[in-house]
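Chain by chain, the residues:
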Amino acid sequence: MKDSTFKTNNTFPPPLAQPALRALTNASINSALELAAFSKKEIAGLHGIGKNALLSLTQYLEDNGLTFKQK
C-alpha cells in the first residue's frame, strides 16, 4: 500500500479524461478515499464516467490498497 498522504491527494490518474474528472469534481469526490466510499455502480452512473474511466479508477483504487464500496 502507498503512504496515506498519497491517498488524500486531490489527483486522479493522468489517463483520466476531462469529462470524468468533471464528473468526480461535481460529485465532490477529490481523493481515493472519497472514491472508495462509492460503489462501482454509483460511479458508473455519473455523467462523464465511461468504461475506460471506470477501469482507470478501479486500477487507481487497487494501486492505493482500496476498492469500491461493496453493496
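**With respect to the overall build of the protein chain**
Okay, so step 1: For the protein chain, the count of helices and strands is 5 helices and 0 strands.
Okay, so step 2: When the helices and strands of the protein chain are read in sequence order from the N terminus, they spell out α-α-α-α-α.
Okay, so step 3: Looking at the protein chain as a whole, 35% of its 71 residues qualify as buried.
Okay, so step 4: Sequence-distant contacts in the protein chain: of pairs separated by 6 or more residues, those separated by 24 or more amount to 61%.
Okay, so step 5: Accessible surface, the protein chain as shown: approximately 4500 Å² in total, 54% of it carbon and sulfur.

**Topic: the environment of Asn30**
Okay, so step 1: Structurally, the position occupied by Asn30 is in the loop between helix H2 (18-26) and helix H3 (32-35).
Okay, so step 2: Distance from Asn30 to Phe12, taken between C-alpha atoms, is 8.1 Å for residues 18 residues apart in sequence.

**What to know about the side chain of Ser39**
Okay, so step 1: Inspection of the secondary structure puts Ser39 in the loop between H3 and helix H4 (40-44).
Okay, so step 2: By relative accessible area, which is 2% here, Ser39 ends up buried.
Okay, so step 3: Beyond its immediate stretch of four places on either side in the chain, Ser39 contacts Phe68, Lys69 and Lys71.

What counts, and where the lines are drawn
- Residues numbered from 1 in each chain as written.
- Predicted model: local features only at pLDDT ≥ 70, side-chain atom pairs only at ≥ 80, totals over all residues.
- Heavy atoms only, no water.
- Helix = DSSP H or I, 4+ residues; strand = E, 2+ residues; numbered from the N terminus.
- Buried < 20%, exposed > 50% of the residue type's maximum accessible area, 1.4 Å probe, protein only.
- Contact = heavy atoms within 4.5 Å.
- Areas by Shrake-Rupley, 256 points an atom, 1.4 Å probe, with all protein chains shown as cover.

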